[in-house]
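A closer look at the structure
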Amino acid sequence: MLIACGMQRCHQEALKKNRVMLAKQLVLKELMEHMIEKDIITTEMMEMIQAKSGSFSQNVEFLNLLPKRGPNAFSAFCEALRETKQQHLEAVILKTTSSLSHGIARLEHCYGSNLPFPASESCNSKRPRWIEPMEHSLDNGDGPPIPPVKYCTPEFYRDHRHLAYKLISEPRGLALVLSNVHFSSEKDLEYRAGGDVDCTSLEMLFKHLGYQVTVFHDQTAQEMQNALERFSKLPGHRDVDSCIVALLSHGVEGGVYGSDGKLLQLQEAFRLFDNANCPNLQNKPKMFFIQACRGDETDRGVDQRDGKEWSDSPGCEESDANKEENLKLRLPTCSDMICGYACLKGTAAMRNTKRGSWYIEALTSVFAEDSRDTHVADMLVKVSWSVFPLPHLPGF
């Protein structure tokens with residue numbers, strides 16, 4: 001069971017109570033550049049804001065967007081205010097936050113103080129994570145929307161927490177995404193159009209599920225290996241409750257390609273996170289998601305009557321295949337690991353050049369909807385059912 005976090009209630013309320021003041025006084029031009037640098041907004045969002053006429057309307061558009069930009073948006077906004085010499089505005093909203101925190105603490109008391117939901121950012125109070133939904137989109141026109149993450153209810157958490165892994169740390173865990181879309185010409189590996197959409201979708205999903213996410217683009221096989229080794233040895237794993245690794249590239253059975261056309265062996269990657277090599281993650285769930293081919297055969301499927309069309313961008317489907325001795329308690333070397341693959345052994349994974357891969361689109365949708373009350377293995381089964389029975393296109 002995965003539980004997501006967004007901007008804290010006290011921070012949302014502080015922005016709301018100072019909305020008119022901020023809309024009148026905020027100087028956005030330089031501040032938005034800082035927010036882009038901190039990965040809170042995109043250049044497309046900045047252009048959308050700047051398209052509004054007048055500074056007041058632009059500020060209102062920015063304030064509408066800010067609460068939807070994830071758990072780090074408020075602290076990044078405050079930091080950007082300081083960096084653009086608008087500390088007086090930061091002081092006002094932080095003062096409001098402080099006064100609001102006591103009221104939200106009382107709200108948590110009504111739900112029961114035994115619920116372990118530690119707060120993030122700078123608000124001193126705790127709050128239940130099921131209060132406010134988030135809506136996000138990639139804002140690139142043709143890409144799929146990021147579905148809002150739905151939260152676990154307090155009743156469900158109380159009744160089922162003894163059946164699940166402990167996932168109460170802040171952040172929930174550390175996540176690593178390695179995404180390759182450009183390749184050297186030596187291996188004749190094509191540009192993975194739509195791959196950036198997958199990367200952004202997963203990064204935002206993991207952030208909204210409460211993970212601290214690191215992303216690397218277009219890494220050679222050795223750079224991928226080095227990144228995985230550094231990530232597996234991070235001392236921060238000791239203080240969190242889970243771990244996610246996502247690999248997005250061309251591939252074959254048992255391996256994924258680096259940007260240099262050389263293979264990273266998946267078993268070597270998994271070995272870095274086993275109980276022997278990564279003791280900080282012992283007894284903690286470790287989730288791996290692989291968007292890459294495991295061969296070059298296409299699962300043609302069969303015709304289905306009254307089937308629903310999958311793609312909103314017909315004619316844009318591609319494959320990710322390479323076209324060419326004591327009583328001490330002991331753990332098994334590998335445990336608490338689960339891996340989701342985009343396709344079956346020996347087959348190719350399908351990707352839409354505009355919307356991204358079928359697998360990642362289904363994964364983000366299912367996890368956003370069902371992570372509040374569903375086991376990861378059951379969600380991966382649901383993802384498979386979402387991807388496999390596709391009637392009108394060759395593949396899954």
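Notes on the structure follow. This structure is a prediction, so every number in the text was calculated from the model and none was measured.

Looking at the nonpolar core
- Ranked by internal contacts, the top residues of the largest apolar core, which has 36 residues, are F206, Y211, F289, Y359, L363 and F367.
- Counting residues per element, the ones that place at least two in this core are strand 3 (173–179), helix 9 (195–208), strand 4 (211–217), strand 5 (242–248), strand 9 (286–291), helix 12 (358–370) and helix 13 (376–387).
- No other element matches the eight residues that helix 12 contributes to this core.
- Ignoring any residue separated from it by four or fewer positions in sequence, one finds F289 in contact with F206, I244, V245, A246, L247, G340, Y359, L363, F367 and L380.
- In this structure, L15, I40, M46 and I49 belong to the second largest nonpolar core, which totals 29 residues.

Quick word on the side chain of S357
- When you line up the elements, S357 lands in strand 13 (residues 356–357).
- Those residues in contact with S357, other than ones at most four positions away along the chain, are D198, Q291, M350, R351 and N352.

Some details on the pairing of strand 9
- Most of strand 9 sits inside the fold, with six of its six residues counted as buried.
- Of the two faces of strand 9, both are covered, the one formed by K286, F288 and I290 as well as the one formed by M287, F289 and Q291.
- Judged from the six bridges that link them, strand 5 and strand 9 form a sheet pairing that is parallel. Across the sheet, the residue bridging to C243 is K286, located in strand 9.
- Bridge count for strand 9 against strand 11 (residues 337–341) is five bridges, and the pairing is parallel.

Re the packing of aromatic side chains
- By the definition in use, this model includes six aromatic pairs.
- Taking 5.7 Å as the distance between ring centres and 50 degrees as the angle between the ring planes, the aromatic pair formed by F62 and F77 counts as tilted. Remark: F77 occurs in helix 6 (residues 73–83) and F62 occurs in helix 5 (residues 55–65); sequence separation between them is 15 residues.
- Look at F62 and you get buried, because its relative accessible area is 0%.

Cut-offs applied
Position labels on residues start from 1 in each chain and follow its written sequence. Totals for whole chains, interfaces and linings use every residue, but because this is a predicted model, local features are given only for residues with pLDDT of at least 70 and side-chain atom pairs only at 80 or more, for both listing and counting. Side-chain numbers come from the whole structure's heavy atoms, not from hydrogens or water. Buried Ala, Val, Leu, Ile, Met, Phe, Trp, Tyr and Cys residues that are joined via side-chain atoms within 4.5 Å together make up what is termed a nonpolar core. Only protein chains enter the accessibility calculation, which uses a 1.4 Å probe; a residue whose area is less than 20% of its type maximum is buried, one above 50% is exposed, and one in between is partly exposed. Helix and strand definitions follow DSSP, with helices as H or I runs of at least four residues and strands as E runs of at least two, each counted in order from the N terminus. We call two residues in contact whenever any of their non-hydrogen atoms come within 4.5 Å of each other. At least two DSSP bridges between two strands are needed for those strands to be called paired. Here a Phe, Tyr or Trp ring, Trp counted by its six-membered ring, pairs with any other such ring whose centre lies within 6.5 Å, and the pair is stacked when the planes are under 30 degrees apart, edge-to-face when over 60, and tilted otherwise.

Interpretation note: all reported values are geometric properties and have no functional meaning in isolation.
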